[in-house]
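The lines below spell out each chain.
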Protein chains: 2
Amino acid sequence: MSLNYDHIFSQAIDRLHEEGRYRVFIDILRNKGAYPNARCFAHHNGPKPITVWCSNDYLGMGQHPKVVAAMEEALHDVGAGSGGTRNIGGNTHYHVDLEHELADLHAKEGALLFTSGYVSNEATLSTLAKILPGCVIFSDELNHASMIAGIRNSGCEKRVWRHNDLAHLEEMLAATDPDAPKLIAFESVYSMDGDVAPIAAICDLADQYNALTYCDEVHAVGMYGARGGGITERDDVADRVTIIEGTLGKAFGVMGGYIAADKTVVDVIRSYAPGFIFTTSLSPVLVAGVLASVRHLKSSCEERAAQQRHARLLKDHLLEAGLPVLESQTHIVPLLVGDPVKAKRIADILLAEYGIYVQPINYPTVPRGTERLRFTPGPDHNEDMIRGLTDALTEIWGRLELEMIKAA
Amino acid sequence: MSLNYDHIFSQAIDRLHEEGRYRVFIDILRNKGAYPNARCFAHHNGPKPITVWCSNDYLGMGQHPKVVAAMEEALHDVGAGSGGTRNIGGNTHYHVDLEHELADLHAKEGALLFTSGYVSNEATLSTLAKILPGCVIFSDELNHASMIAGIRNSGCEKRVWRHNDLAHLEEMLAATDPDAPKLIAFESVYSMDGDVAPIAAICDLADQYNALTYCDEVHAVGMYGARGGGITERDDVADRVTIIEGTLGKAFGVMGGYIAADKTVVDVIRSYAPGFIFTTSLSPVLVAGVLASVRHLKSSCEERAAQQRHARLLKDHLLEAGLPVLESQTHIVPLLVGDPVKAKRIADILLAEYGIYVQPINYPTVPRGTERLRFTPGPDHNEDMIRGLTDALTEIWGRLELEMIKAA
């Protein structure tokens, strides 16, 4: 036979090596109770102590005593897994309670849990658009891979508007058949640049052109708004967005995803989305942990405030040191490198010499030429750590003769 | 505006009610340590004791002391969630260990974890086929929804062969361009009928026509083979199958999915599959539980043997009572009803009057007209429970004047 599968697969891997974006996973264990301290197992004899600077457990809720206690209690009460899909044996009382809690968080009639944020985006977008014959989806060009997958898998017509560009969105809406169903899909906080969508203005356009709106709040839930309801809560526009999507694996510290919307929309996705129907439901142990996390962050602003303070502090230190930090509007601190090989080299030195763990972010997560390090300081990163990180970066920037910016 | 979204969504829900297949989730909590005993919350004042007969926690590993202890230890060591994708902060030592354990289970070079079995099928099939230009996928007609989604999302040409029909598969292979990449996708145990694929013969055809093979073993891992490696282990054909896919949420009792294959194939999926790359990794608490479960079932055959014994016993009782049980080759015990409304009615009576929980299985999980009750007896269902279930079904069959079969 002439066809050699191994050869094709090897070539696909070789391409990644050539572009300097072959991914090596850093092997770690976080130290519960002492996070961001962790242990690293790669390339060492035994674990080496490190500080984690790239976790999306933004508020350290993964080690919160209430979350851990709730998970332990559920583990001993009901066991490890749900044992089935939501319809066949896997609908626990925890799932029902959490969906009520999330609906309340976003002031919506209902909510629906998925096994991940990725699946919630893919399943909801692909299913919603299929239910609406001839639907046209208007997608922000920086939307997450999971939204892109959902839109593509819907088979609908897709129109991509320039990032956060309202004029471009309106131009596209105006050029579309007024009778066609329309769905505008966007994120509230874009995780790699840390900028924020003009949600109210997008909703104005949606009203004007009779479009549904879908807002991915995965980097904002738990983080913004008085009760952690995200940017839609902070900007008081939750009731204007048709579907709010969130994750349970970032600020809430556990795992899973969800949507919140009115009852009928939730029921349609619940009843028609293959990615919801045909999968074992979230472990009740996780769901119990999320319940505790969401409830805590509804009443406590302490973690959110400390996180914002430390993000501001880190940005100030980096700017003062002349390092090319992107001035984001949010808690995310991106440091531009612009080259995948250099980004990886900096991260390697930080880990090996300084015990600082930050992952280089390369294509396809960010566009080529915008490769970066992305820091996520949390409430548990103290001022000493922030100073240590800045000093380490300054030394490495000098050693590798990388470009500085003028000090602020 | 003439377009009314609410109306379209409501109509979609109305269609389900009209067909009698609107799904109502039964709200339960399992009693760890006493499973299949559980509590049911729906339509009652306070929880009511029930026996679960439809869980896919086939071996009761979700309450196994080793699994629970491992999860508790991980929870206290590293906390609730992984905090990131596998590439960005979410690659724990547990993940690395479990992938080695699963590779060993299937005698493969590598393994890769996903957040669910659904995602492992969707992500692997869609990505694999995209890497192989012009790939043609040969899909058994009864393949699971997640495989169908992966195949559709690959954008490849798909040819559907009649269920387990080798002659039809060969006919299709012979009619396809010999130089085109080919992938044969099938399951080992089909979960709704309980029949088994002729894997060795499929591999013979794959050799003859130079095709790759993809075998979904989600209803077989942990259950068949001396170490729980599935039907591919039992039939000694694991080395002939290109990719073996499994779940961590059924016999292993927790949550998650995986593939096992040679190193290059695993690396390609790891490096290119959006559904793997762009999602928060499994909680280390779950991974620790699965590690304990897989290790236990590699050396213990006790649970598998008891499960098979009880499945045989239930089938014998049902046949003796003249109930229309489908004589499956495996541990699955389907009882044919053939009508969605009647199937739901029987299940409602079982739950309300007998405290027996079994979910009616309707379209699209099974073809219309083959609606059924599907029982999954496990090692913890005792003979009294089996007799009680048979008596209850006999009474209901008489009450509703349903068709009996001639006693065996």
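Reading the values: the criteria
Residues numbered from 1 in each chain as written. Chains lettered and ligands numbered in written order. Predicted model: local features only at pLDDT ≥ 70, side-chain atom pairs only at ≥ 80, totals over all residues. Heavy atoms only, no water. Salt bridge = Lys/Arg side-chain N within 4 Å of Asp/Glu carboxyl O. Helix = DSSP H or I, 4+ residues; strand = E, 2+ residues; numbered from the N terminus. Pairing = 2+ DSSP bridges. Axes fitted to C-alpha atoms, helices over the stretch in contact; angles between N-to-C directions. Contact = heavy atoms within 4.5 Å. Core = buried A, V, L, I, M, F, W, Y, C linked by side-chain atoms within 4.5 Å. Buried < 20%, exposed > 50% of the residue type's maximum accessible area, 1.4 Å probe, protein only. pLDDT = per-residue confidence, 0-100. Least-squares fit on C-alpha atoms with pLDDT ≥ 70 in both. Expected span 1.5 Å × (residues − 1). Polar contact = N/O pair within 3.5 Å; in protein donor to acceptor, adjacent residues only side chain to side chain. Parallel < 35°, antiparallel > 145°, perpendicular 65-115°, else oblique. Left-handed = near helix turned anticlockwise from the far one by under 90°. Nonpolar A, V, L, I, M, F, W, Y, C, P; charged D, E, K, R; others polar. Buried area = accessible area lost by both parts, 1.4 Å probe. Phe/Tyr/Trp six-rings, centres within 6.5 Å; stacked < 30°, edge-to-face > 60°. Lys NZ or Arg CZ within 6 Å of the ring centre and 35° of its normal.

**Observations concerning the pattern of salt bridges**
Right, on to step 1. Going through the model one piece at a time under the given rule, you end up with 48 salt bridges over all chains.
Right, on to step 2. We note a salt bridge from Asp 104 of chain B to Lys 298 of chain B, for which the minimum N-O separation is 2.8 Å. Here Asp 104 of chain B is found in helix α3 (residues 93–105), whereas its partner Lys 298 of chain B is found in helix α11 (residues 284–299), with 194 residues between them in sequence.
Right, on to step 3. Each member of the salt-bridge network shares a partner with another, and the members are Glu 101, Asp 104, Arg 227, Arg 295 and Lys 298 of chain A.

**Considering the sheet that holds strand β7 (residues 182–187) of chain B**
Residues and elements named next belong to chain B.
Right, on to step 1. An order of β4-β10-β9-β8-β7-β5-β6 is seen for the 7 strands of this open sheet, with the pairing classed as mixed. Both outer strands of the open sheet, β4 (110–114) and β6 (157–161), are each paired with one neighbouring strand and no more. Across the sheet, the axes of successive neighbouring strands diverge by a mean angle of 20°, strand direction being ignored.
Right, on to step 2. For strand β5 (residues 136–140) and β6, the ladder comprises 5 bridges, and the chain directions are parallel. Across the sheet, residue Ser 139 finds its bridge partner in β6, namely Val 160.
Right, on to step 3. The strands touched by α3 within the sheet are β4 and β10 (257–261), with β4 carrying the most contacts at an inclination of about 125°.

**A few points about the nonpolar core**
Right, on to step 1. Judged by nonpolar contacts, the single largest core of 132 residues is most densely connected at Ile 184 of chain A together with Ile 184 of chain B.
Right, on to step 2. Once you skip the residues sitting within four places of it in the chain, Ile 184 of chain A turns out to touch Phe 138, Trp 161, Leu 169, Leu 173, Ile 202, Ala 206, Ala 211, Leu 212, Thr 213 and Tyr 214 of chain A.

**Here's the deal with the confidence of the model for chain A**
Right, on to step 1. With 98% of its residues at a pLDDT of at least 70, chain A reaches an overall mean of 95.
Right, on to step 2. Across the interfaces of the predicted complex, the ipTM metric reaches 0.96, alongside a pTM of 0.97.

**Concerning the relation of the copies chain A and chain B**
Right, on to step 1. Turning chain A through 180° and shifting it by 0.0 Å along the axis lays it on chain B, with an RMSD of 0.0 Å. On this basis, the relationship between the two copies can be described by a two-fold rotation axis.
Right, on to step 2. When the interface residues of chain A are mapped onto chain B, 99% of them again lie at the interface, so the same face is used by both copies.

**Quick look at helix α4 (residues 117–131) of chain B**
Residues and elements named next belong to chain B.
Right, on to step 1. Over its 15 residues, α4 runs 21 Å from end to end, which matches the ideal 21 Å to within 8%, given 1.5 Å per residue.
Right, on to step 2. With 14 of 15 residues buried, α4 lies mostly within the body of the structure.
Right, on to step 3. By the N-cap criterion, in which a side-chain oxygen at the helix start approaches the backbone nitrogen of a residue two or three places on, α4 is capped by Ser 116, the distance to Tyr 118 being 3.4 Å.

**Considerations on the packing of α3 of chain B against α11 of chain B**
Residues and elements named next belong to chain B.
Right, on to step 1. Between α3 and α11, the shortest axis-to-axis distance is 9 Å and the interhelical angle comes to 30°. Classed by the angle they form, the pair α3 and α11 counts as roughly parallel. Considering only the axes of α3 and α11, their crossing is left-handed. Across the interface between the two elements, Tyr 94, His 95, Asp 97, Leu 98, Glu 101, Leu 102, Asp 104 and Leu 105 from α3 touch Pro 284, Val 287, Ala 288, Val 290, Leu 291, Val 294, Arg 295 and Lys 298 from α11.
Right, on to step 2. Partitioning the contact of α3 with α11 into residue classes produces 10 nonpolar, 1 polar and 5 charged.

**Brief notes about the interface of chain A and chain B**
Right, on to step 1. Contacts between the two partners involve 104 residues from chain A, matched on the other side by 103 residues from chain B.
Right, on to step 2. Roughly 9,000 Å² is buried in total at the junction of chain A and chain B, and carbon and sulfur atoms are behind 60% of that figure.
Right, on to step 3. Linking chain A with chain B are 2 salt bridges.
Right, on to step 4. Where chain A meets chain B, there are 42 residue pairs in polar contact (both at pLDDT 80 or more).
Right, on to step 5. If you tally residues by element for the side of chain A that touches chain B, the top one is helix α1 (residues 5–18) of chain A, at 9 residues.

**Some thoughts on the packing of aromatic side chains**
Right, on to step 1. Taken as a whole and judged by the stated rule, the model has 6 aromatic pairs over all chains.
Right, on to step 2. Ring centres of Trp 53 of chain A and Phe 375 of chain A lie 6.4 Å apart, and the angle between their planes is 85°; this geometry places the pair in the edge-to-face category. Placement of the pair is Trp 53 of chain A in the loop between β3 (48–52) and α2 (65–78) and Phe 375 of chain A in strand β14 (residues 372–375), with a sequence separation of 322 residues. An identical accessibility class is assigned to Trp 53 of chain A and Phe 375 of chain A; each is buried.
Right, on to step 3. Judged by centre distance (5.7 Å) and plane angle (75°), the rings of Phe 114 of chain A and Phe 276 of chain A are edge-to-face. Separated by 162 residues along the polypeptide, Phe 114 of chain A in strand β4 (residues 110–114) and Phe 276 of chain A in helix α10 (residues 274–277) bring together distant segments of the chain.
Right, on to step 4. You can call Phe 114 of chain A buried: its relative accessible area is 3%.
Right, on to step 5. Phe 276 of chain A sits in the buried class, given a relative accessible area of 4%.
Right, on to step 6. Site record: aromatic cluster; members linked through ring pairs are Phe 25 of chain A together with Phe 114 and Phe 276 of chain B.
Right, on to step 7. A cation over an aromatic ring shows up here: Arg 270 of chain A above the ring of Tyr 22 of chain B, its NZ or CZ 5.1 Å from the ring centre.

**Observations concerning the packing of helix α9 (residues 263–272) of chain A against helix α1 (residues 5–18) of chain B**
Right, on to step 1. Two numbers describe how α9 of chain A lies on α1 of chain B: the axes approach to 9 Å, and their chain directions differ by 45°. In this view, α9 of chain A runs oblique relative to α1 of chain B, as classed from their interaxial angle. α9 of chain A and α1 of chain B meet at a crossing whose hand is left-handed. In contact with Thr 264, Val 265, Asp 267, Val 268, Ser 271 and Tyr 272 of chain A of α9 of chain A, α1 of chain B contributes Phe 9, Ser 10, Ala 12, Ile 13, Arg 15 and Leu 16 of chain B.

**A look at the environment of Val 160 of chain A**
Residues and elements named next belong to chain A.
Right, on to step 1. Counting through the fold element by element, Val 160 comes out in strand β6 (residues 157–161).
Right, on to step 2. You can call Val 160 partly exposed: its relative accessible area is 35%.
Right, on to step 3. For the pair formed by Val 160 and Val 265, sequence separation is 105 residues and the distance between their alpha carbons is 24 Å.

**Topic: unusual backbone geometry**
Right, on to step 1. Cis geometry marks the peptide bond from Tyr 35 of chain A to Pro 36 of chain A, where omega comes out at 20°.
Right, on to step 2. Within the secondary structure, Pro 36 of chain A is located in the loop between β1 (28–30) and β2 (37–40).
Right, on to step 3. Put simply, Tyr 363 of chain B and Pro 364 of chain B share a cis peptide bond, and its omega is 10°.
Right, on to step 4. In this fold, Pro 364 of chain B is placed in the loop between β13 (360–361) and β14 (372–375).
Right, on to step 5. Despite not being glycine, Ala 107 of chain A has its phi angle at roughly 55°, a positive value.
Right, on to step 6. Within the secondary structure, Ala 107 of chain A sits in the loop between α3 (93–105) and β4.
Right, on to step 7. When its relative accessible area of 64% is taken as the criterion, Ala 107 of chain A is described as exposed.

**A closer look at the sheet that holds strand β13 (residues 360–361) of chain A**
Consider a sheet: its strands pair through backbone hydrogen bonds, and that pairing is either parallel or antiparallel.
Residues and elements named next belong to chain A.
Right, on to step 1. Taken together, 3 strands build an open sheet; the order of strands is β11-β14-β13 and the sheet is antiparallel. Since the sheet does not close on itself, it has two edges, and those belong to β11 (333–336) and β13, each with one partner.
Right, on to step 2. Where β11 and β14 come together, 4 bridges link them in antiparallel fashion. Counterpart to Leu 335 in the pairing with β14 is Leu 373.
Right, on to step 3. Strands β11 and β14 of the sheet are contacted by helix α12 (residues 302–320), whose axis makes an angle of about 20° with β11.
Right, on to step 4. Sheet strands touched by helix α13 (residues 340–354): β13 and β14. Its angle to β14, the strand with the most contacts, is close to 45°.

**A word on the environment of Arg 312 of chain A**
All names here are of chain A.
Right, on to step 1. Of note, Arg 312 is situated in helix α12.
Right, on to step 2. It is 8.8 Å that separates the C-alpha atoms of Arg 312 and Val 333, two residues lying 21 residues apart in sequence.
Right, on to step 3. Residues in contact with Arg 312, not counting those within four places in the same chain, are Leu 319 and Glu 327.

**So, the pairing of β5 of chain B**
All names here are of chain B.
Right, on to step 1. Burial analysis of β5 places 5 of its 5 residues in the buried class, which makes it a mostly covered element.
Right, on to step 2. Burial of the side chains of β5 extends over both faces: Val 136, Phe 138 and Asp 140 are buried on one face and Ile 137 and Ser 139 on the other.
Right, on to step 3. Here β5 pairs with β7 via 4 bridges, running parallel. Residue pairing for β7: Ser 139 is matched across the bridge by Ala 185.

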